[in-house]
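Overview (structure and organization)
The residues making up each chain are set out below.
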Amino acid sequence: MRKNYNSEYEADPYNLKKVHSLYMKETDSILLGINHQLYSTYLVKNNKFDSAYYYLTLANNLFKNNDRKKFFNSIRKVSLTNRIDLLAHSKIEMEKLKEIPLEDENVKQLYIDVFSLPILKQSDSDQYETKINRFINIDDANNKIVKRGTLIENYLTGEINKYLITKADYDKIIVRSTARINELLKENRTNEDLFFTNLFYNIYAKIEIRDRSISNDFAHYKANLATAPTKESEVLYYYLKAKQFQTTSLKDSVLYNFSKALQVSKQTDNFIYEHQLLQLLLATDNFNTNKYTNDYIKINDSLLTYKNYVNDFIFATNSNFLKLKSEQQSIQKQNLSITAFTFILLFSVVLYYFIYRNIKNRQLARKHREYLNEKTQMYKYLIEIKEQMDASILNENNRTKQLISTNALSKIDDLLVDFDKLEINLDQLQEKIKEVEDAARAISHTISETNYTIVDIAYIINDIKKQYANFIKIETFIDNTIILSDLEFKTLLRIMLFTYKLIDKIKYKEELTCFLSIYKSKNKSTYKIWINKSINLNEDQLTFLNDRSINFELNKDNQETTVLIYIS
């Protein structure tokens, strides 16, 4: 399975969905979990952090009966949230990790200590210093554990070297990295992240101390770039070359290599590196300040938006229930209760109809009077339940209460009066019972068809309009009767992120008008983006939609562009 993922990634790093789909045919839960886990690894390499976290969560659910798999899968989740600096989520996941039993407590504690370093650095600097220095001088037994797991070794290598850089202890970085690079060369492991991580910090340290042997390290780096596991390694190669030329004041070479690094970052949608490289170019290239400033503002905007989105997405994924979900479930439960009671009443009235049509005298009719009285109480109870509902559906409450009072209670009262008459007209009574039956059906239908607006879609859409008011004219339309399930709501959040990405790319075009709308079409909730000019969706935007399995249609001509995205 891993070999298939590797070979497909080399062929097309953006089309791993078909490999994932292939292994979804497996029936073994462990294999399915590993499939999700591997897919998540490659989504991280393509900077799809929200989707990566989602598939790790799916894997966790499949590993629920395998503590070892579950533990190391959760470690991957912490590694991901640490990487994008969402340490609050890392802390939550760490608390869960501590509860998962592992056969070797020493291994468990070692992993927890390593992946807790960023949390510790933020909360207790003294304890962080103690822990990181313990790892720098790690004993042989724990070092063997670390070297058995490429994830933990690569992660710890980065943490230790970042700490040593803050201490300007470049000699120690070089000694440690050189030793590990030589080991990896002997083991022919030059196509692993671990090799490039050590090589990066080794070169970085040598640049700082002007070490003349640096040319050999650059040669190793360039010779193995073709087998590098991600394009990230290529970005870092050009970054290091630029830093090297900075030490010799060769400005043209510095700009060339920073620009090459930025170009590769854009090709791979690595917006984190793109953001950092634009900062470096702003500080280096005085002639293109305006261009880089505009690009920097746009990418900074997108980065903040995406980070907030991922934060919200992970919160939604981790939470047992959101307020939105609990409100929706509460109203659905109340709605179901009302419908159930109405159908009970309908059944009761129909049952009464078949019993009563054979009544021969008043005695039998009076016997069932108590039965109808009970149904009257049931209707009154319906009204009490409706009165307890949320204030947002008060108007619907009043309409339903009026419907029950007018169409049901009054008709039953008429029936009860007829029972007290000296002579009973069975045909007339049967006709009135049929009226009650029809009324019950109408009430049941009305209640079951009732919709309640839970998600304030208008707020979400109008927030985009507000944010881009200074750049582009945006009009909106929202069908307020639309109800979104939790899954549809998450899809909408992804669509909003796509909208941000799209508007960011076009907001500087002149005389542009955009119309955003959400409406029902053929029983589907549809999100529509209309632009009064012909716009091409770039590969990044199309990949964003396709990777998240979002159904859409693109229609354009010389004068306008329409994107139809199906939420449900």
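So, how was this worked out
- Residues numbered from 1 in each chain as written.
- Predicted model: local features only at pLDDT ≥ 70, side-chain atom pairs only at ≥ 80, totals over all residues.
- Heavy atoms only, no water.
- Axes fitted to C-alpha atoms, helices over the stretch in contact; angles between N-to-C directions.
- Helix = DSSP H or I, 4+ residues; strand = E, 2+ residues; numbered from the N terminus.
- Parallel < 35°, antiparallel > 145°, perpendicular 65-115°, else oblique.
- Left-handed = near helix turned anticlockwise from the far one by under 90°.
- Contact = heavy atoms within 4.5 Å.
- Nonpolar A, V, L, I, M, F, W, Y, C, P; charged D, E, K, R; others polar.
- Core = buried A, V, L, I, M, F, W, Y, C linked by side-chain atoms within 4.5 Å.
- Buried < 20%, exposed > 50% of the residue type's maximum accessible area, 1.4 Å probe, protein only.
- Pairing = 2+ DSSP bridges.
- Expected span 1.5 Å × (residues − 1).
- Arc of directions from axis to C-beta.

Contact geometry for helix α4 (residues 49–62) and helix α5 (residues 67–83): axes closest at 9 Å, N-to-C directions at 165°. By the criterion of interaxial angle, the relationship of α4 to α5 is roughly antiparallel. In the crossing of α4 with α5, the sense of the turn from one axis to the other is left-handed. Contact residues: α4 offers Phe49, Ala52, Tyr53, Leu56, Thr57, Ala59 and Asn60, while α5 offers Lys70, Asn73, Ser74, Arg76, Lys77, Leu80, Thr81 and Arg83. Grouping the constituent residues of the contact of α4 with α5 by class yields six nonpolar, five polar and four charged.

Core analysis: the biggest nonpolar cluster contains 66 residues, and Phe71, Tyr111, Val114, Phe115, Ile203, Tyr221 and Leu240 have the highest contact counts within it. Broken down by element, the residue count for this core peaks at ten residues, all from helix α13 (residues 193–208). Setting aside residues up to four positions removed in sequence, Ile203 forms contacts with Ile214, Asp217, Phe218, Tyr221 and Leu240. Core analysis: the second largest hydrophobic core is formed by 36 residues, Ile478, Phe489, Ile531 and Val563 among them.

Two strands pair when backbone bridges link them, and strand β4 (residues 552–556) and strand β5 (residues 561–566) are joined in this way by five bridges, in the antiparallel orientation. Across the sheet, the residue bridging to Leu554 is Val563, located in β5. In textbook terms, the turn of a hairpin is the stretch between consecutive antiparallel strands, and for β4 and β5 this stretch comprises four residues.

With respect to the helices, strands and loops of the structure, Asn224 is situated in the loop between α14 (214–223) and α15 (232–247). Ignoring anything within four residues of it in the chain, the contact list for Asn224 reads Thr190, Phe195 and Phe196.

What follows concerns helix α12 (residues 170–186). Here α12 is 17 residues long and its end C-alpha atoms lie 24 Å apart, about the 24 Å a rise of 1.5 Å per residue gives. Those residues of α12 not exposed but buried are Tyr170, Ile173, Ile174, Ser177, Arg180, Ile181 and Leu184. Here the buried residues of α12 occupy an arc of 150° about the axis, which is enough to place them on one side. Exposed residues pointing more than 90 degrees away from the buried face of α12 are listed as Asp171, Val175 and Lys186. Residues of α12 that are buried make contact with α10 (140–148), α11 (150–166) and α13. Positioned one or two residues after α12, Asn188 has a phi angle of 55°, which is positive.

Distances and angles like these do not, on their own, reveal function.
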